[in-house]
Structure formats: structure tokens, C-alpha cells
Amino acid sequence: EKLFLKEYIEFQVRKNKAYATIYLSIEKEYRILISEVDDSTQTWKILQKHFRPDSCARVIYLTDEFFSCKILEGEDIGLYAARLKKIIIDLDAGKPIADWYQAFQLIRYLPTDYQDEKLFLKEYIEFQVRKNKAYATIYLSIEKEYRILISEVDDSTQTWKILQKHFRPDSCARVIYLTDEFFSCKILEGEDIGLYAARLKKIIIDLDAGKPIADWYQAFQLIRYLPTDYQGMVQIIYR
């Protein structure tokens, strides 16, 4: 029993010391959060819930701090940017600040001494807006099944290159797709032969840069699925 009591007392001392360390380490205005508990584990959980980056209260606090952050009189722009960056990093796990807002806040309160930098950053922001708009336009314009091709990039230039590589006429996948489309193309019921030929011609043009369709195959496919109404013409071609 004496050994047990000794260990229990030592445990309580460590526990109280842990609580005291936490209590004395936080700002006075936050001590009210743990005023009703005296257990270090509970205390830590309460503070963690309140201050972890993804808690609503923490996100609101940091977001407000970010948009209220101003360059101090005589402060170097690098130090100001570092202060903003610290808040941005803290917010990353909860509600990341978009690049546009980062640049916006950086120039928002700059004094007149930094007009050139403000102009440059303004142009940079406008460029980023156009860039993001270009990506969004591309993303929303393609079929949903192809969006996986660009799911790992968010740059419009890279996105375009990936799609161009996949869909341009000389890509293997594109050539196979168009060749299959060409040899599967049939005249529709009641369709004029001129319209049917135009549909075939469109595929032929698309294939020209990759794997041109020989004239023989063009003629072959044109007459391949013609209905019986055209059998006389087909026989003449065969001869």
C-alpha cells in the first residue's frame, strides 16, 4: 500500500505540474477556457479543440488576423510578408488562403513608397485571375470522363498540353479513336449521301495530321454501308 500511495502521489504531482505548465504557458485571456477543469488531459483537449487549425473558432480568428494584418511604419516588406506567411501556414490545415487573396493582402496596406511593387503585384493578381479563369474554362468545357486527365494539375498551360497530347490528331489514342470512328461510320436512314460523305470527310480531315486515310479506304467506306437504293452506283464503282 505504501508503494502504491507513493506512486499515486508522484503521479498527482506530475499531473498537477503538467496542468500548471499549460495554464501558465497560455495567454491570460484564454485561461477562462480551462478555468473549470484541473486535469491536464482535459485541459489539453479543450485547448486543442479551440486552437487546432481546422476548428471553426481558430479558422475565423486566423482569417480575421490575416485580413487585418498591415505593414508597420518603417517595417521592411519582407518582414511584413513573413508575418502574413505565418498566418497563411497556420490556416493551411483548416481553410487555405487562395493565392489571389495572399497577393491582395500583401499589397493592400502598402505605403506610397511601394507604388511600383503594388503595380507589379496588381498585374500579377490580374494575371492569376486570367490564368485561373482559363483553367476553369478548359475544365468545364471538356467531358466529365476526361477530367481525370487534368485532375493533378491546376495550371492552364499544363492542362492544355496534357489535353493536346491526348487529343491531338497525331496522338496514338486519338488516331485509334478516329480510325475506329471512320470505319464505323454508316449512312443514316433517310440521310442524303452528300451529308454522309461530309461526315466521313470531317473524320478524314481530323486524321490527316496523324494517320491519313488512303483514297482507296475513303472510297471503300463511302460505299460500304450504302442502302440498296445505291446498289447500281456501287456496282459501277466495283467495275
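As shown above, the structure is provided for reference.
The paragraphs below set out a description of the structure included in this document. What you see is a predicted model, and the numbers here were worked out from it, not measured in a lab.

Describing the nonpolar core
Side chains of a nonpolar character, in soluble globular proteins, are inclined to be buried together. Of all hydrophobic cores here, the largest spans 16 residues; its most connected members are F66, C69, Y80, L84, I87, L91 and L110. For this core, the secondary structure elements donating two or more residues are α3 (56–68), α4 (77–91) and α5 (99–108). For this core, the element with the most residues is α4, which contributes five residues. In contact with F66, not counting residues within four places along its chain, are L84, I87, I88, I97, Y101, Q102 and Q105. Listed in part, the 13 residues of the second largest apolar core include C185, I187, L200 and I204.

A word on the environment of D208
By the secondary structure assignment, D208 is in the loop between α9 (193–207) and α10 (215–224). Separated by 33 residues in the primary sequence, D208 and V175 place their C-alpha atoms 9.7 Å from one another.

Regarding a nonpolar patch on the surface
A surface patch of nonpolar side chains, about 630 Å² in accessible area, is lined by F4, L5, Y8, I9, F11 and V13. With respect to the secondary-structure elements, F11 resides in helix α1 (residues 2–25). F11 sits in the partly exposed class, given a relative accessible area of 41%.

A short note on the pattern of salt bridges
Going through the model one piece at a time under the given rule, you end up with four salt bridges. In this structure, the salt-bridge partner of D155 is K131, at a minimum N-O distance of 2.9 Å. With D155 in the loop between α6 (115–141) and α7 (156–167) and K131 in helix α6, this pair connects stretches of sequence that are 24 residues apart. Residue D155 is classed as buried on the basis of its relative accessible area of 14%. Given the relative accessible area of 23%, K131 is considered partly exposed.

Comments concerning the side chain of E191
Residue position: E191 is located in the loop between α8 (172–184) and α9. You can call E191 buried: its relative accessible area is 14%. Within the local environment of E191, its side chain forms a polar contact with the backbone nitrogen of L188, the two atoms lying 2.9 Å apart. Here R199 takes part through its side chain, which lies 3.0 Å from a polar atom of the side chain of E191. Apart from residues lying up to four places away in sequence, E191 is in contact with K186, Y196 and R199.

Here we look at the packing of α3 against α5
Any two packed helices are characterised by how steeply their axes cross, that is the angle between the axes, and by the distance between the axes. At their nearest, the axes of α3 and α5 sit 9 Å apart, and the two run at 45° to each other. Overall, the two elements α3 and α5 adopt an arrangement that is oblique. Counting all contacts with α3, which are made through F66, F67 and S68, the residues of α5 involved are Y101, Q102, F104, Q105 and R108. Residues belonging to the contact of α3 with α5 are distributed by class as follows: four nonpolar, three polar and one charged.

Rules of the game
Residues numbered from 1 in each chain as written. Predicted model: local features only at pLDDT ≥ 70, side-chain atom pairs only at ≥ 80, totals over all residues. Heavy atoms only, no water. Core = buried A, V, L, I, M, F, W, Y, C linked by side-chain atoms within 4.5 Å. Buried < 20%, exposed > 50% of the residue type's maximum accessible area, 1.4 Å probe, protein only. Helix = DSSP H or I, 4+ residues; strand = E, 2+ residues; numbered from the N terminus. Contact = heavy atoms within 4.5 Å. Patch = residues over 30% accessible without salt bridge, like charges linked within 9 Å, V, L, I, M, F, W, Y side chains within 5 Å. Areas by Shrake-Rupley, 256 points an atom, 1.4 Å probe, with all protein chains shown as cover. Salt bridge = Lys/Arg side-chain N within 4 Å of Asp/Glu carboxyl O. Polar contact = N/O pair within 3.5 Å; in protein donor to acceptor, adjacent residues only side chain to side chain. Axes fitted to C-alpha atoms, helices over the stretch in contact; angles between N-to-C directions. Parallel < 35°, antiparallel > 145°, perpendicular 65-115°, else oblique. Nonpolar A, V, L, I, M, F, W, Y, C, P; charged D, E, K, R; others polar.

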